[in-house]
Amino acid sequence: MGLFDENILPEMSEKLDELARKGVSRRDFMKFCTGMAALLSLPASFIPKIAEAVTGKKPIIVWLEYQDCAGDTEALLRATSPTVGQIVLDIFSVDYHETIMSPSGFQAEKSLMDVVKNNKGNYFVVVEGSIPLKDDGVYCCVGGRTAVDIAREVCGNALATIAVGTCATYGGIPAAKPNPTGAVGVKEAVPNATVINLPGCPVNAENITATLVHYLTFGALPNMDKLGRPYFAFGKRIHDNCERRSHFDAGQFVRQWGDEGARQGWCLYEMGCKGPETFHNCPTVKYNEGTSWPVQGGHGCLGCSEPHFWDTMTPFYKRLPNVPGFGIESTADKIGAGLAVATAAGIAAHGIARAISPKKKEEEDK
Ligand code: SF4
Ligand code: F3S
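Here the structure is a predicted model, which means the values were calculated and not measured.

### Brief notes about the site of ligand 1
Phase 1: Taken together, 13 residues sit near ligand 1, with His-239, Cys-242, Cys-267, Leu-268 and Cys-273 positioned nearest.
Phase 2: Of all the secondary-structure elements, those providing two or more residues to the shell around ligand 1 are helix H13 (238–241) and helix H14 (245–249).
Phase 3: Looking at the shell around ligand 1 residue by residue, the classes come out as 9 nonpolar, 2 polar and 2 charged.

Here it is as structure tokens:
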């Protein structure tokens, strides 16, 4: 605790006492700051800076929910040890969230508009769910206004918008063919807004917190890829960090649910795993406080953090077709060894791209 204790400022100390009264010990708090530093790939020397940032002024957040299943809200509320209520809601002032707030009706809508009016350019918006554009957006209305109308006003006047889950980022399942409501993600519905995308079905709550912690610590959003996703969470492929990767490289595949390979925890590529084409930090951060993630649970990755995964990653239980460099007749062994080379080349290319300065990378991405 040395580095941490030595850097405790008087105001931070007050905040820590307050958290302690709510059941969050200094150890819990330090664990939280350490975890955030690791998630953001920052060295340990940044831990006191993070601690100072998250015990400072609370940023205002409003949470909008449109065409969704509320899975992202569930993901946030399922965070435990310390709970969202203990830490996240204490660090951030969530002034509007339809699912968890107590006011309702016009009173609730007024509190949203009060934030927009009184804190222009100084609040964050989290959007969950897609926004329908077809027929002037009539397929999703809240308080008599269309989602697109509200989003343009609320996101357009915000400091930044965090689109959470694949529906809010790229349209998600509501946008799957034939997309009857003309569903799109926030950036497409509100092009002038500053948007960072945290796709996933659902979003990983740790990535939301880390994005906000990054802003509080550095006064800026994290660097993003050309799909608007932060590199810290979407910079590496599932396949690059998968615990079953050694079995892939060895050509050891599950070929039928419940077979010997499944019992041995072998690679799920032959069962349709989309890990080689999906960028997300699921294998390292996992879900539910690091308990597990889909592949650890025995199911292949569906590619849920990639745009339009419902259309582009299906059939889910068919292996990725025609991986470059391999014929249809290739054996799983050949695919395993060959794709490892292709994957390594991909990692190298991605690594090189990341090493380019963000500005130059942005220009390249255009
Ligand atoms: Fe893991 Fe899937 Fe890659 Fe196999 S194909 S190593 S299960 S990510
Ligand atoms: Fe989604 Fe694949 Fe992760 S299905 S949750 S990106 S393992």
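### A few points about the packing of helix H3 (residues 26–39) against helix H11 (residues 205–218)
Geometrically, a packed helix pair is captured by the angle between its two axes and the distance between the axes.
Phase 1: Where H3 meets H11, the closest approach of the two axes is 10 Å, and the angle between their N-to-C directions is 90 degrees. Classed by the angle they form, the pair H3 and H11 counts as roughly perpendicular. On H11, the residues touching Phe-32, Met-36 and Leu-39 of H3 are Glu-206, Asn-207, Thr-209, Ala-210 and Val-213.
Phase 2: Looking at side-chain class alone, the contact of H3 with H11 contains 5 nonpolar, 2 polar and 1 charged residues.

### Some words on the nonpolar core
Phase 1: Membership of the largest hydrophobic core comes to 39 residues, with the highest contact counts inside it found for Ile-50 and Val-164.
Phase 2: Setting aside its immediate chain neighbours within four residues, Ile-50 contacts Cys-33, Met-36, Ala-37, Leu-42, Val-213 and Thr-217.
Phase 3: Residues Tyr-66, Tyr-123, Val-142 and Ile-150 belong to the second largest nonpolar core, which totals 31 residues.

### Focus: the pairing of strand S7 (residues 160–164)
Phase 1: Counting buried positions over the 5 residues of S7 gives 5, a clear majority of the element.
Phase 2: Burial along S7 is two-sided: the residues Ala-160, Ile-162 and Val-164 and Thr-161 and Ala-163 are all buried.
Phase 3: Direction of pairing for S7 relative to strand S9 (residues 195–198): parallel, over a ladder of 4 bridges. Bridging across to S9, Thr-161 finds its partner in Val-195.

### Remarks on helix H8 (residues 147–156)
Quick reminder: α-helices carry 3.6 residues per turn. Residues three or four places apart thus point the same way.
Phase 1: Of all the residues in H8, the buried ones are Ala-147, Val-148, Ile-150, Ala-151, Val-154 and Cys-155. Down the axis of H8, the buried side of the element spans an arc of 155 degrees, and every buried residue falls inside it.

### As for unusual backbone geometry
Phase 1: The peptide bond linking Lys-177 to Pro-178 adopts the cis configuration, its omega dihedral lying at 10 degrees.
Phase 2: Mapped onto the elements, Pro-178 comes out in the loop between helix H9 (165–170) and strand S8 (183–184).
Phase 3: Cis geometry marks the peptide bond from Cys-201 to Pro-202, where omega comes out at 5 degrees.
Phase 4: Within the secondary structure, Pro-202 is located in the loop between S9 and H11.
Phase 5: With a phi angle near 55 degrees, Ser-41 is a residue other than glycine that sits in the positive phi range.
Phase 6: Position of Ser-41 among the secondary structure elements: in the loop between H3 and helix H4 (47–54).
Phase 7: Positive phi values are uncommon outside glycine, yet Asp-135 reaches one of about 50 degrees.
Phase 8: With respect to the secondary-structure elements, Asp-135 resides in the loop between strand S4 (131–132) and strand S5 (141–142).

### A closer look at helix H7 (residues 105–118)
Phase 1: Relative to the 20 Å expected for 14 residues at 1.5 Å per residue, H7 spans 20 Å between its end C-alpha atoms, a close match to the ideal helical length.
Phase 2: Along H7, the positions that sit buried rather than exposed are Ala-108, Glu-109, Leu-112, Val-115 and Val-116. Along the axis of H7, the buried positions cluster into a sector of 115 degrees, meaning they face one direction only. Opposite the buried face of H7, by more than 90 degrees, sit the exposed residues Phe-106, Gln-107, Lys-110, Lys-117 and Asn-118.
Phase 3: Here the buried face of H7 lies against strand S1 (60–65), strand S2 (93–97), strand S3 (123–128), S5 and H8.

Cut-offs and rules
Each chain carries its own residue numbering, running from 1 in the direction its sequence is written. By the order in which they are written, chains take letters starting at A while ligands take numbers starting at 1. A pLDDT threshold of at least 70 governs which residues receive local features in this predicted model, and a stricter bar of 80 or more applies before side-chain atom pairs are shown or counted, although totals over entire chains, interfaces and linings include all residues. Processing note: side-chain calculations cover all non-hydrogen atoms of the structure and skip hydrogens and water entirely. Consider each residue's heavy atoms; a residue with any of them within 4 Å of a molecule or strand counts as near. Each helix is a run of H or I in the DSSP string that is no shorter than four residues. Each strand is a run of E no shorter than two, and both are numbered from the N terminus. The residue classification treats Ala, Val, Leu, Ile, Met, Phe, Trp, Tyr, Cys and Pro as nonpolar and Asp, Glu, Lys and Arg as charged. All others, Gly included, are polar. Here an angle of 0 to 180 degrees is reported between the N-to-C directions of two axes, which are lines fitted to C-alpha atoms, with helices fitted over the stretch in contact. An angle counts as roughly parallel when it lies under 35 degrees, as roughly antiparallel when it exceeds 145, as roughly perpendicular when it falls between 65 and 115, and as oblique in every other case. The contact criterion used throughout is that any non-hydrogen atoms of two residues lie within 4.5 Å. For our purposes a nonpolar core is just a set of buried Ala, Val, Leu, Ile, Met, Phe, Trp, Tyr and Cys residues, chained together by side-chain atoms within 4.5 Å. Categorising residues by exposure relies on relative accessible area from a 1.4 Å probe, with only protein chains included: less than 20% of the type maximum marks a residue as buried, more than 50% marks it as exposed, and the intermediate range marks it as partly exposed. Strand pairing follows a simple DSSP-based rule, namely that at least 2 bridges must link the two strands. Directions are taken from the helix axis to each C-beta atom, and the arc is the one they span. For a helix, the expected span equals 1.5 Å multiplied by the residue count minus one.

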